[in-house]
Amino acid sequence: MGEGSGVDGEVQLVRVDADVPRLVWELHTPLERVGFLDALDRGAVWVTHIGVDPRYRGRGHATRLLSALLTHAAGLPVGLAAAPFPSWRQRGLQHDALRAWYARHGFHPDPVPGDPYRMLRPAAAP
């Protein structure tokens, strides 16, 4: 595992060593993994999944994960499908709330045929 920093009590954000082009960040307590973000870096970064254990939701952990990725990929566009995906076998945010959450992080709807949930965040200006 890579770098980490403690925040929110004992929950640490860790960049996980992964095979290129995969990017992975995880949140851990001393006993368990409580959240993760998985993405692919292929010139543009594509988020494939963000998940937070239901017991840890509502504390800003998904924002910490997304912020870590956005900092890492500041000079690159970042895309994702803002479609709800059950994590830890419990529903997360519904579609409208999920799109609004991503919009607060600079993502804009960019649907294409076959992917009506697609959103993009342009590369940050240098």
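The structure displayed is predicted, hence computed values, not measured ones.

Colleague: Please explain the overall build of the chain as it appears in this structure.
Modeller: What the chain contains, in helices and strands, is two helices and eight strands. Tracing the chain from N to C terminus, the helices and strands come up as β-β-β-β-β-α-β-α-β-β. The burial tally for the chain puts 37% of its 126 residues in the buried class. Long-range contacts, defined as pairs at least 24 residues apart, comprise 45% of the intrachain contacts of the chain with a sequence gap of at least 6.

Colleague: Sorry, what's going on with the nonpolar core here?
Modeller: Grouped burial of nonpolar side chains is what soluble globular proteins tend to show. In terms of nonpolar packing, the biggest core is built from 27 residues, with Leu 37, Leu 66, Leu 69 and Tyr 102 touching the most fellow members. Of all the elements in the fold, those that place two or more residues in this core are strand E2 (11-16), strand E3 (22-28), strand E4 (33-41), strand E5 (45-52), helix H1 (61-72), strand E6 (78-81) and helix H2 (95-104). Here this core gets five residues from one element, more than from any other, and that element is H1. Beyond its immediate sequence surroundings of up to four residues, Leu 66 is in contact with Leu 37, Ile 50, Trp 101, Tyr 102, His 105 and Phe 107.

Colleague: I keep staring at H2 and nothing clicks. Help me out?
Modeller: Residues spaced three or four apart along an α-helix face the same direction, because each turn holds 3.6 residues. Buried within H2 we find Leu 98, Trp 101 and Tyr 102. Down the axis of H2, the smallest arc covering the buried residues is 95°, so these residues share one side. Seen from the buried face of H2, the exposed residues on the opposite side, beyond 90 degrees, are Asp 96 and Arg 104. In the core, the buried residues of H2 are packed alongside E5, H1, E6 and strand E8 (118-121).

Colleague: Even after reading the chapter, I still don't get unusual backbone geometry, so can you show me in this structure?
Modeller: With the exception of glycine, the majority of residues adopt a negative phi angle, and the majority of peptide bonds are in the trans configuration. In this chain, Val 20 is followed by Pro 21 through a cis amide linkage whose omega measures 15°. Tracing the chain through its elements places Pro 21 in the loop between E2 and E3.

Colleague: Would you take a moment to explain the pairing of E5 for this structure?
Modeller: Put simply, side chains in a regular strand alternate between the two faces of the sheet. Of all the eight residues making up E5, six are buried; the element is thus mostly covered by neighbouring parts of the structure. Here E4 pairs with E5 via seven bridges, running antiparallel. If you follow Asp 41 over to E5, its bridge partner there is Val 45. Between E4 and E5, which pair antiparallel in sequence order, lie three residues; one of them, Gly 43, sits at a positive phi of approximately 90°. Inspection of the sheet shows E5 paired to E6 by two bridges, in the parallel sense.

Colleague: Hey, could you run me through the side chain of Glu 26 in this one?
Modeller: With respect to the secondary-structure elements, Glu 26 resides in strand E3. A polar side-chain atom of Glu 26 sits 2.6 Å from a polar atom in the side chain of His 28.

Colleague: What should I look at first to understand H1 in this one?
Modeller: For H1, spanning twelve residues, the distance from its first C-alpha to its last is 17 Å, which sits close to the expected 16 Å at 1.5 Å a residue. Within the sequence span of H1, burial applies to His 61, Arg 64, Leu 65, Leu 66, Ala 68, Leu 69 and Leu 70.

Colleague: Before we go on, may I ask you to explain the environment of Ala 123 in this structure?
Modeller: Checked against the element boundaries, Ala 123 lands in the segment after E8. On the basis of relative accessibility, which here comes to 36%, the residue Ala 123 falls in the partly exposed class. Separated by 79 residues in sequence, Ala 123 and Ala 44 have C-alpha atoms that sit 8.7 Å apart.

Thresholds applied
- Residues numbered from 1 in each chain as written.
- Predicted model: local features only at pLDDT ≥ 70, side-chain atom pairs only at ≥ 80, totals over all residues.
- Heavy atoms only, no water.
- Helix = DSSP H or I, 4+ residues; strand = E, 2+ residues; numbered from the N terminus.
- Buried < 20%, exposed > 50% of the residue type's maximum accessible area, 1.4 Å probe, protein only.
- Contact = heavy atoms within 4.5 Å.
- Core = buried A, V, L, I, M, F, W, Y, C linked by side-chain atoms within 4.5 Å.
- Arc of directions from axis to C-beta.
- Pairing = 2+ DSSP bridges.
- Polar contact = N/O pair within 3.5 Å; in protein donor to acceptor, adjacent residues only side chain to side chain.
- Expected span 1.5 Å × (residues − 1).

Purely geometric stuff here, so don't read any function into it on its own.
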